[in-house]
2 protein chains.
Amino acid sequence: MLADQQILRIPGPSPIPPSVQRAMSQPMIGHRGQNTSDMLRRITPKLKRIFGTSQEVAIITASGTAGLEAAVVNVVKPGDVVLVIVTGAFGDRFTAICKAYNISYQRIDVEWGKALNPDAIKSYVQEHPEIKAIFSTYCETSTGVLNPIKDLSEAVQQVSEALIVVDGVSCVGGVETKMDEWGIDVMVTGSQKALMLPAGLTFVAASARAWDVIEQNEQPRFYLDLKRYRDNLLKDTTPFTPALSLLFGLEQALNLMDEEDLDEVYKRHTLMMEMTRGAFQALEIPLLTSDADGSPTVTAVKPDDFDAEEFRKILKKEFGLSIAGGQGHLTGKIVRIGHMGYCSPADVLQIIGMVEIGLVLIGKDIVLGKGTAAAQKIYLNQGVVNK
Amino acid sequence: MLADQQILRIPGPSPIPPSVQRAMSQPMIGHRGQNTSDMLRRITPKLKRIFGTSQEVAIITASGTAGLEAAVVNVVKPGDVVLVIVTGAFGDRFTAICKAYNISYQRIDVEWGKALNPDAIKSYVQEHPEIKAIFSTYCETSTGVLNPIKDLSEAVQQVSEALIVVDGVSCVGGVETKMDEWGIDVMVTGSQKALMLPAGLTFVAASARAWDVIEQNEQPRFYLDLKRYRDNLLKDTTPFTPALSLLFGLEQALNLMDEEDLDEVYKRHTLMMEMTRGAFQALEIPLLTSDADGSPTVTAVKPDDFDAEEFRKILKKEFGLSIAGGQGHLTGKIVRIGHMGYCSPADVLQIIGMVEIGLVLIGKDIVLGKGTAAAQKIYLNQGVVNK
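Model, not experiment: these values are computed from the prediction. (Residues numbered from 1 in each chain as written. Chains lettered and ligands numbered in written order. Predicted model: local features only at pLDDT ≥ 70, side-chain atom pairs only at ≥ 80, totals over all residues. Heavy atoms only, no water.)

*Asks:* Can you lay out the interface of chain A and chain B for me, pointing to particular residues and giving the numbers?
*Replies:* Counting residues at the interface gives 39 residues for chain A and 39 residues for chain B. When chain A packs against chain B, the two sides together hide about 3,100 Å² of surface, and 64% of this comes from carbon and sulfur. In this structure, the connection of chain A to chain B is made through zero salt bridges. Summed over the shared surface of chain A and chain B, the result is 20 residue pairs in polar contact (both at pLDDT 80 or more). Looking at the side of chain A that touches chain B, the elements that each hand over two or more residues are helix H1 (18-24), helix H10 (244-260), helix H12 (308-319), helix H13 (345-361) and helix H14 (370-380) of chain A. Here the element with the most residues in the side of chain A that touches chain B is H13(A); it accounts for 11 residues. Taken together, the residues of the side of chain A that touches chain B break down into 22 nonpolar, nine polar and eight charged. (Contact = heavy atoms within 4.5 Å. Buried area = accessible area lost by both parts, 1.4 Å probe. Salt bridge = Lys/Arg side-chain N within 4 Å of Asp/Glu carboxyl O. Polar contact = N/O pair within 3.5 Å; in protein donor to acceptor, adjacent residues only side chain to side chain. Helix = DSSP H or I, 4+ residues; strand = E, 2+ residues; numbered from the N terminus. Nonpolar A, V, L, I, M, F, W, Y, C, P; charged D, E, K, R; others polar.)

This is the structure in structure tokens:
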């Protein structure tokens, strides 16, 4: 096999564009100097546009989990009751964080692979006026579900003042996000998914309503205190030493997204989802999620007559292709293909071309090229045929 | 379109592997120091293996054309008569160099797109005992022909002592080359094709018989004097300041080829040729060359009912895919796809996937996925079906 070729199509970390890689190898600068302030001033409006908010977006040097923890420790405190909607492995992470802080939570479990039901949550919240905040997930990375957070927010707001906190780690930047318009109170994402960077930065934006809660919240926190980030951002700086090379890369990644145009970025992700799903459907390989619930950034495939792990191994061995396996009770039962960030329809065609060969090698009786043709037709229609 | 994605599939320069790119950004070192000598000592045996020779392989900091010029000025002098076999635009380059040096040449023109005929050359040389050297091309980049230089060499040696000089720029490293065994006297290649580097280095190897001629040749030359390169290489150094970053990259590229195993590298190139040719044949798009004459590194396609340049433009616009057009009288009439160096069967599947979409966009009535399926079948058979 061609040495040095690794084709990375897991649902994050995602590949880094060459110009972002080059930007990250710029010489180090002082983080309290004018150059850093200028850079933050250029970055900030672009980040706000991606979050769909006029509020500040905190840039924290940490993994995405720290962003989720920041959401928890800034908006709730022991004694508060929260609701966690669990649609997969990452929804579950909110419960683990709440546990660590002795925060009482109620949980609604949704079958893995299905999206949350806004009306059901609305009814639940109506019956539980004690709920101060609702934690949910935008794209559930472990299942490839995109939850209808806009509908959730609108439904809940009819009956409750609970804050809507959303983990958007594996989709913000690849999927339209309109915090202000939709009434989302806290949105978290990470650098290593649709934002085309290595892991190491997490971003947290809060609504005006959330900032009121955050300012009054007595829950002890220091590094993850969002007020510090916001107050420093307003002075074009950061509370602590930031991962400067990641900021260099962030600026270039945001420039690339502007160059393509953010609406086009979102359309590309939807198109890649439709091409991927269409190919597997044409090949009659079951998908984990319904078309309505599928995420534009990751697709989970649930084979019913071959071994998911064996299939992944074949693709790795033949082509150096990395796709992800399942998590939790789906371990060994699904494969997950990331199509986010620095990934194009041409890359999806390559994935499908390899997948078809992998299916033959694992013993499936498929028509070669059939999945490719389905993806190509969807590309040529710029969306699902007859949509 | 995804910003920052350029898919480079011209017949050179070819893409650079990430580890080669990283190697090239090592800090500069002194070219007369021990580190450079150690590096040259590690590089040399690997280069010899690629050329299939026990002789030194000169590493010249220059473009491939300088390597061709070095071949000319080292083995012939004004007054000598040489034969140039022209199978395309690059064969023609030898005549231009001979002209510049007032070297009398005879030429045999082979129809562009066809390979030279060893028996015809043998007969010609037999009738022209004045010929001191024969200049030919291994892979003719402008047409995608691989000339049978082994057969040429064996045929000519039966009737003549003329030196066999071969331009191997667009294939050495991707196609088996056995200078010593085949009796090739001078072989030239460049860094930017199958060797996976940027342009800037050219390599020239000579047989024992050629070195005798080179040593006695009174043709004036300085920078391109092969003796200087050989004599310095024997002392693990170079006659002039070398392009050190390209040498860093060269060592890593050679390591990658070793890691894959040289025979596997050659097999991969043949497989990529067969997949590419098989796809176009399945789609009933004419190829310029016959199966027997096709090169493992580049395939020329000669559409008979659509515009080649328009097709290239569509692929560039849709996917950022660069393929080459024609040269000379084939300008506007063919497209050339490079599948050499840092290119894998997975990349060929991607090319075919894009090509099929391009064909529909240019108005061809094709069955989508048919070319992909043909390439996949060839991949699964690890070669042409029923071969």
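Let's pick the thread back up.
*Asks:* Summarise the relation of the copies chain A and chain B; cite the residues concerned and give the values.
*Replies:* With an axial shift of 0.0 Å and an RMSD of 0.0 Å, the rotation relating chain A to chain B amounts to 180°. The superposition operator between the copies reduces to a two-fold rotation axis. Taken together, the interface assignments show that 100% of the residues at the interface of chain A recur at the interface of chain B, consistent with an identical surface on both copies. (Least-squares fit on C-alpha atoms with pLDDT ≥ 70 in both.)

*Asks:* How would you summarise the sheet that holds strand S5 (residues 131-137) of chain A if you had to cite specific residues and measurements?
*Replies:* All names here are of chain A. If you trace the seven strands from one edge of the open sheet to the other, you get S2-S10-S9-S8-S5-S3-S4, paired in mixed fashion. The sheet is open, and its two borders are formed by strand S2 (57-61) and strand S4 (104-109), each paired with just one other strand. With strand direction ignored, the average angle separating the axes of adjacent strands in the sheet is 20°. Bridge count between S2 and strand S10 (residues 201-206): five bridges; the pairing is antiparallel. Bridge pairing in S10 links Val57 to Ala205. Those strands touched by helix H8 (residues 208-216) are strand S8 (163-167), strand S9 (186-190) and S10, and its axis lies near 100° from that of S10. (Pairing = 2+ DSSP bridges. Axes fitted to C-alpha atoms, helices over the stretch in contact; angles between N-to-C directions.)

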